[in-house]
Structures are given as C-alpha cells and as structure tokens.
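Fold and geometry: a report
Each chain, letter by letter, is given below.
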Amino acid sequence: MKIQNYINGEWKEPSTGQFAPVINPATGETIAEVAMSGPNDIDEAVQAAKEAQKQWALVPAPKRAEILYKVGMLLKERKEQLARLLTMEMGKVIEEARGEVQEGIDMAFYMAGEGRRLFGDTTPSELKDKFAMSVRTPVGVVGIITPWNFPIAIATWKSFPAIVAGNAVVWKPAPETPIMAQELARIFEEAGLPPGVFHVVHGDGPTVGNALVEHPDVKVISFTGSNEVGRMIAEKCGRLLKKVSLEMGGKNAVIVMDDADLTLAVDGIIWSAFGTSGQRCTACSRVIVHERVKQELERRLLEAVKTLKIGNGLDETVKVGPVIHEEALQKIDRYVRIGVEEGAKLLVGGYILREGDYARGFYYAPTIFTDVTPNMRIAREEIFGPVVSIISVRSLDEAIAVNNSVDYGLSSAIFTRDVNNVFRAMRDLDTGIVYVNAGTTGAEIHLPFGGTKGTGNGHRDSGVAALDVFTEWRSIYVDFSGKLQRAQIDTDD
Ligand code: NAD
C-alpha cells in the first residue's frame, strides 16, 4: 500500500517522489509506504485550503455540522476495521484501538452539535437604542500537527472543531502512523466534505511540519507532541505572531492514601501505567503512596504485573502491546539504566524482550521501580514507555507537593475514601485533569483536555474550549438610535 497526500480532494504523489516504510511495531514488518513530501506540497495544500475556506465559511454552521454527523456514522460503521488497522500501525491492543476510534465517533457527534450552538454572547448596551453581541468567526487555514500515539483520536479532536467553525485544515500526521490519516481523509470525502476543506500532507517534522508552521497563510497551528518540538514551534509562531495551541508531555501521578481501596488502586495503576505500553500523554509514571500501605501496594502490583500478557495487540488476550519503534525501546532502556544508577530499586521488568515471538517487534517488559525520590530523573522526565516509579510519602500534603513538583501538569489521580482528602486534592493538585478513585487516563471528549505548566500553553483540546483555538471573537455593536452616541460619554448621568 502506497499512502499518498490528500490535496484539494485528490490523492497525489509527493512532489519529492519519495516514500518511507511504515512498520508494524508488533512484527517489524513493513505494512505500507508513506509519502515523504516537501514544502511545495504544503504550499499547494495551503493555497487550495485558502480558496476553499472562503466558501466553506459561508455554508451555514448547521449544514457544516451535517457532514460531521455523516463522518461520525461512517466512523461507527467502520469502527472494527479502523481499530484493526490502528493496532497494526501503532501497536496498541485492539480493545484500546476500538476505544480510540470511539473517541473520534464521540467527537464527531459532539462537535456536530456545536453547529447549532457556536454560542456567542448577547449583552445589554450601556446606551439607548443600541445592541451588543459577540460571535465566533473562523480564523482561516488551520495547520494541525499530531503524534503517533493516538493516530486518529487527536486528529478528530482538532479537525472536527476547526471544520465545524468554518475553517479549512491542513494536517501533517506523524510519519509512523499515516494509515489512520488516509482513512480519515476517505471518510471526509465520502461524507461529502467539499474538496479543499481538509488536506493531509505526509512527511517528516523538520521539513513538512516546519513548512506548515512557517507558511504565512496558515493562521493557527494546533500541535500535539513532545515538549522539545512544541517549544520550537511556539518560538517560531511567536516571531510570526501566529496563534498556536500546544498539548505536550506529562509526568502523571497516582496518589494512594492509607485509607484507599487497594484493589481499586492497583487496577487503576496497572491500566494507566501499562495501557498503550505507557505511551499515553496521560500515562501514570509515578505512584505516590502513603508509607503505611507501600509494602502491601507493591506486593499487589507485582502480582498484577505477572498476569499481564505481552504481545501482538491483535490477540484479544494481550494486555500490553509493543512500543512504537527500536528508538523508543532504546530510550526507555536508557532511562531504566539511569534509574538504577540513581539508586532506585527495580521491583520488576527493566529489560527489552528479544526472545521467541518478541524477536521481531519492539517489546519492553512492564517495569516498576521503588524507593524512588522525587528529584531522581526517572521521577521527573517523561519516559513514554511502560515504566512506573513508586515514591513513598507520609501525608497528603507531602503527596500533593511531590505531585506538583514536576515541570509537567497534565493529569493526576488520588485513591482515598476520605471526602476531605478528595476535596483538598481537587483544589490543590495543579494538573489540567484530576481523577478521584480512577487512574490518570480516561478523559471524556466533552470536557476540556490539556495541562498546566510545561504540558501546554493554556489552550485545550476537547469540549467547547476546543473552539477557542479555531475561532476569533468578533464583538458587534448595532446602533439604531439614528444619532452619534459616544460610548462612556453620551450616557444619561
Ligand atoms: P514529536 O514531538 O516527536 O512529534 C509530534 C509531531 O510533530 C509529529 O507529526 C512530528 O513529525 C512533528 N514534528 C517533529 N519535528 C517537527 C518540527 N521541527 N516542526 C514541525 N513539526 C515537527 O512527538 P511524538 O514522539 O510523535 O509523540 C509523543 C509525544 O506526544 C509525547 O511527549 C506525548 O506526551 C505527547 N502527547 C501529548 C498529548 C497531549 O494531549 N498532551 C497527547 C498525545 C501525545
């Protein structure tokens, strides 16, 4: 399968004529080839998007939304097929791949609903015979840059609100996972989206991603990925005075208090730490446990880890799939060595699986460190693999301080039965998402998604908040008095 660009409603060879292999991380097999485009392809897509957007913005929003409803229906019909392709290109286990496609379905129906809302404000005017209101207007051409770990969901979080709000989209997916991009473009086409409103240009970050960021006709960049790349993009957008939304890394913690239901806490930790092989931005990579229950929690976690079947995610009984590629395996392994050198104690795992069925894929053993201190690198830096660090504390105050001490602020969780602990945690944990008696993953699409501090730059995906990035506010005053009325001056007092 050769994956082409989708520009102005047509499937096109990249101007470079170059392609790169797409590897199934479970087997090491090449399953497709993806276009490695150049800046010319971005320019072609942006020019077409600019033209198409003018007409698209004039289509009534409820009509724009009807196309999103159709997209939702098509995603629903194809859920199983898409989930299987997703597992093959990204590696996450099939159950999670189905969940990811479901997120896209949910987002389609939710954002289609926005077509009949897109609420602005109407307010009283301070003057007689004058009307005041604000409306959302589209920004124009939107550039979307996404990572490989949620190859369809993140694209839907960004493109659906952008499109319903009247923008045109140029999307550069991660080169590791182009199949979902191809499928989403096909679905938009079948749903009747006019040519030019949605484009996919494949390629690497420094060439194609950068061309999108720097293109003068792209008015907003919505990026999800690593901090390193996000920071670079933000600097460029800053110089260009371009609107930019960044969703980046995490160092998410589960707090386990001494009154917690430990069975529930173990389920929550295992799911958040080892689901998607730890490659979620919301993955639990720290467990902050009250010293009174540390030993018992460790014993139960060890028992639970032993039951996790590792392998190809297409096998329904597998719980932990591969990581994305060899480079990721090496990065994870380097962090594990760092942890050992820092003096953390390896409870389980800590090695690459190379034997038998694991020989050709990229598998890392689920790994737990204990006796980790908050200042160790493994407790502060994003590893993005199945590695979790246990940190012991003596109180809720200390737990909150440890949680808040990292540079990231995406998600956190607390297991406790004490309502006072719950409300203090809700107030004091400084992350964009807080879970009570659940792990650090599991966001629903109708609430804002994103983080504080180094995780983002104040914007949010999901929920109504997602519209803010893709719209400008226009405040409109209509004076029907027939005379000049000066604000703040011609009032009656
Ligand atoms: P990455 O930053 O390496 O790549 C993300 C995207 O940026 C890719 O499409 C890549 O090609 C592109 N890119 C790379 N260099 C670029 C450049 N110079 N200019 C423009 N684009 C460029 O991230 P990744 O390895 O694909 O994904 C993993 C990261 O994503 C993790 O840090 C994870 O926490 C983060 N993530 C965050 C969220 C969130 O919502 N907060 C969600 C999922 C993943």
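The model shown is predicted, which means the values in this text are computed figures rather than measured ones. (Residues numbered from 1 in each chain as written. Predicted model: local features only at pLDDT ≥ 70, side-chain atom pairs only at ≥ 80, totals over all residues. Heavy atoms only, no water.)

Another aspect to go through is the site of the ligand. The immediate surroundings of the ligand are formed by 29 residues, with Thr146, Ser226, Met248, Cys281 and Glu382 found nearest. Contacts to the ligand include serine 226, whose side-chain N or O atom sits 2.6 Å from an oxygen atom. Coverage of the ligand by the protein amounts to 89% of the 860 Å² it exposes when considered alone. If you list the elements that add at least two residues to the shell around the ligand, you get α7 (205-214), β11 (220-224) and α8 (227-240). Residue contributions to the shell around the ligand peak at 4 residues, all from α7. (Near = heavy atom within 4 Å. Polar contact = N/O pair within 3.5 Å; in protein donor to acceptor, adjacent residues only side chain to side chain. Areas by Shrake-Rupley, 256 points an atom, 1.4 Å probe, with all protein chains shown as cover. Helix = DSSP H or I, 4+ residues; strand = E, 2+ residues; numbered from the N terminus.)

What follows is about the UniProt feature "active site" (unreviewed entry) in the chain. Using the residue numbers shown here, the UniProt feature "active site" (unreviewed entry) corresponds to Glu247. By secondary structure assignment, the location of glutamate 247 is in strand β12 (residues 243-247). (UniProt positions renumbered as here; feature names shortened; annotations may be inferred.)

As a further point, take a nonpolar patch on the surface. Taken together, Val419, Phe423, Met426 and Val436 make up a surface patch of nonpolar side chains, about 370 Å² in accessible area. A per-element tally of the nonpolar patch places helix α13 (residues 419-428) first, with 3 residues. Within the secondary structure layout, methionine 426 lies in helix α13. (Patch = residues over 30% accessible without salt bridge, like charges linked within 9 Å, V, L, I, M, F, W, Y side chains within 5 Å. Salt bridge = Lys/Arg side-chain N within 4 Å of Asp/Glu carboxyl O.)

This brings us to the pattern of salt bridges. This structure, assessed with the given rule, holds 30 salt bridges. Between arginine 354 and glutamate 326 there is a salt bridge whose closest N-O contact spans 2.9 Å. With arginine 354 in the loop between β16 (352-353) and β17 (363-364) and glutamate 326 in helix α11 (residues 326-342), this pair connects stretches of sequence that are 28 residues apart. A salt bridge links arginine 424 to aspartate 397, with the nearest nitrogen and oxygen atoms 2.4 Å apart.

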